[in-house]
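In case you want the letters, here they are:
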Amino acid sequence: MTKIVNHWIGGKTVEGASGTYGPVTDPATGAVTTKVAFASVEEVDTAVAAAKDAFVTWGQSSLAQRTSILFKFRALLDANRDAIAELITAEHGKVHSDALGEVARGLEIVDLACGINVQLKGELSTQVASRVDVASIRQPLGVVAGITPFNFPAMVPMWMFPIAIATGNTFVLKPSEKDPSAAIKIAELLAEAGLPDGVFNVVHGDKVAVDRLLEHPDVKAVSFVGSTPIARYIHTTASANHKRVQALGGAKNHMLVLPDADLDAAADAAVSAAYGSAGERCMAISAVVAVGAIGDELVDKIRERAEKIKIGPGNDPTSEMGPLITKVHRDKVASYVEGAAAEGAEVVLDGTGYTVEGYEDGHWIGISLLDKVPTSAKAYQDEIFGPVLCVLRVDTYEEGVALINASPFGNGTAIFTRDGGAARRFQLEIEAGMVGVNVPIPVPVGYHSFGGWKDSLFGDHHIYGNDGTHFYTRGKVVTTRWPDPSEAPAGVDLGFPRNH
């Protein structure tokens, strides 16, 4: 019997009423295993109304109450990490160890939210004028929404809602319809931890649900992670409806390898960063820029390592890389490799014909490595979001930096070198929001914010860290003047001498 994933509204499961469902497939087999209910406008309105009602009390609740619930949630999340990882593997396809790593990174943000009282401390200036004090405080916005992608169905929502609810907001999550079960499991754990009904809600769906969240007058802010075209649309539409927006888009992350670099370490890093999670992550390294004469040796080392990666079902403990999320996406990724030679690239490894015995209907693609890729090639210009690594050649450091900075994307980048001076120049000169020095995927820890530049971010705030706290709160300044007790009207005795 096909499993059905319904909505979570007001602290309980709510069956879909629209009559519209989307298929959820097991990427390793290609079989439809689940149906997910798609929300109508009315169902989104119901979720927002539940969140609005809950905000009346949650927004006034104490920090101690909020963090106490989050501590309980953290313990439950930790105890159920294997169960969540299994749901991710079944619907996304990533190997179990990758799924566990995703949950662990989400836990980092829950940790941050448990200690949110430090970030919410206000400021006070006393005696700015005679008996006048000025205080700055931060208050929650109200109902906020998160729209999250398929590639990290547990982690990316946890980049958003723990901080949002810790700061006093209520939350409506619209997860990817391709792998929705992890979001419902998280909702159940939050309820078990004691989160009041309506503080966290989940509605599934497509553009109908998204557009309603973007235009709903009671939604005060929208967080989004996904592709650049959709991020631009989210930012434009939500902003036009007077909402605060953080919309994280796509990427083409470069790794600059200087002639003095440890090429074995650089090759290890390139393979891990390009092919981990089958390349379906916005921080994947998809372009290696080789400087000088090291290109041939570096490509050989990458090829040797890439050929050894074991591809198979995510629930097989020997698998190092799983399938892609859908057949349509698999075919799109393959098209970049199939057209690369005609655009001037040298195809070193072609993974488009790969399959797994016994799982022939799965969404399989092997490792692909393209060398001497021109910047005009589609394989370089587009975010492929699959296990395809492009290698570009330049003669100098300056040429490499100019090439990277010419990209419309500015999410993350890395440099591999033994030269501290070159690394220092790079981190100052490069136009990207996250920089790694001998670190291929520079995703910040939870207490530093994540976000890119240029077409990789629309909005003023990065996600989680201090930026996350600021995004989900707004500042208020209170100026106060109290008369001195000695100036109290005659006849009122406050116990203070009149002549002090």
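Just so we're clear, the structure is a prediction, and the values are computed from it rather than from any experiment.

Our focus in this paragraph is the overall build of the chain. Along its length, the chain carries 15 helices and 23 strands. Its C-alpha radius of gyration of 25 Å places the chain within 12% of the 23 Å reference for a compact globule of 500 residues. Considering only C-alpha atoms, the chain reaches an extent of 95 × 60 × 40 Å along its principal axes. Long-range contacts, defined as pairs at least 24 residues apart, comprise 71% of the intrachain contacts of the chain with a sequence gap of at least 6. In the structure as shown, the chain presents an accessible area of about 20500 Å², 52% of it carried by carbon and sulfur atoms. The positive charge centre, built from 43 side chains, and the negative charge centre, built from 60, are 6 Å apart in the chain.

Now for the environment of Gly 276. In this structure, Gly 276 sits in the loop between helix 9 (263-275) and strand 14 (285-291). For the pair formed by Gly 276 and Asp 331, sequence separation is 55 residues and the distance between their alpha carbons is 19 Å.

Here 7 strands make up an open sheet; going across it, the order is 15-16-17-14-13-19-20 and the pairing mixed. Sheet topology places strand 15 (346-349) and strand 20 (434-437) at the edges, where each strand pairs with a single neighbour. In this sheet, adjacent strand axes meet at a mean angle of 20° when their direction is disregarded. Contacts between helix 10 (residues 295-306) and the sheet are confined to strand 13 (253-257), strand 14, strand 15, strand 16 (368-371) and strand 17 (388-394), with strand 17 contributing the most and set at about 170° to the helix.

Attention shifts here to helix 6 (residues 181-192). In an α-helix, one turn spans 3.6 residues; hence positions three or four apart end up facing the same way. With 12 residues, helix 6 should reach 16 Å at 1.5 Å per residue; the first-to-last C-alpha distance of 17 Å fits that figure. Residues of helix 6 that are buried: Ser 181, Ala 182, Ala 183, Ile 184, Ile 186, Ala 187, Leu 189 and Leu 190. A positive backbone phi angle near 105° is found at Gly 194, which sits one or two residues after helix 6.

On a regular strand, each side chain points to the face opposite its neighbour's, so the side chains alternate between the two faces of the sheet. Burial analysis of strand 17 places 6 of its 7 residues in the buried class, the great majority of the element. Where strand 14 lies against strand 17, 5 bridges are found, and the strand directions are parallel. Opposite Ala 287, over in strand 17, you have Cys 390 as the bridge partner. Alignment of strand 16 against strand 17, held across 3 bridges, turns out to be parallel. Residue pairing across strands places Ser 368 opposite Val 388, the latter belonging to strand 17.

So, on to the state of the cysteines. Under the definition given, this model contains 0 disulfides. Cysteine Cys 390 is unpaired, with the sulfur of Cys 282 as its nearest cysteine sulfur at 17 Å. For Cys 390, a relative accessible area of 0% puts it in the buried group.

On to the domain arrangement of the chain, then. Taken domain by domain, the chain holds domain 1 (3-250 + 451-478) and domain 2 (253-408 + 412-437). The centre of domain 1, based on its C-alpha atoms, is set 31 Å off from the matching centre of domain 2. Inspection of the region where domain 1 meets domain 2 yields 1 salt bridge. A salt bridge links Glu 431 to Lys 454; the shortest N-O distance between them is 3.8 Å. Our enumeration of links across domain 1 and domain 2 arrives at 8 residue pairs in polar contact (both at pLDDT 80 or more). Every element with two or more residues in the side of domain 1 that touches domain 2 is listed here: helix 3 (81-92), helix 4 (96-114) and strand 21 (453-454). The dominant element in the side of domain 1 that touches domain 2, judged by the number of residues it contributes, is helix 3, at 3 residues. Residues that form the side of domain 1 that touches domain 2 fall into these classes: 6 nonpolar, 11 polar and 8 charged.

Calculation rules
- Residues numbered from 1 in each chain as written.
- Predicted model: local features only at pLDDT ≥ 70, side-chain atom pairs only at ≥ 80, totals over all residues.
- Heavy atoms only, no water.
- Helix = DSSP H or I, 4+ residues; strand = E, 2+ residues; numbered from the N terminus.
- Rg over C-alpha atoms; globule rule 2.2 N^0.38 Å.
- Contact = heavy atoms within 4.5 Å.
- Areas by Shrake-Rupley, 256 points an atom, 1.4 Å probe, with all protein chains shown as cover.
- Lys, Arg positive; Asp, Glu negative; His and termini not counted.
- Charge placed at Lys NZ, Arg CZ, Asp CG, Glu CD.
- Pairing = 2+ DSSP bridges.
- Axes fitted to C-alpha atoms, helices over the stretch in contact; angles between N-to-C directions.
- Expected span 1.5 Å × (residues − 1).
- Buried < 20%, exposed > 50% of the residue type's maximum accessible area, 1.4 Å probe, protein only.
- Disulfide = S-S within 2.5 Å.
- Domains from an automatic or database assignment.
- Salt bridge = Lys/Arg side-chain N within 4 Å of Asp/Glu carboxyl O.
- Polar contact = N/O pair within 3.5 Å; in protein donor to acceptor, adjacent residues only side chain to side chain.
- Nonpolar A, V, L, I, M, F, W, Y, C, P; charged D, E, K, R; others polar.

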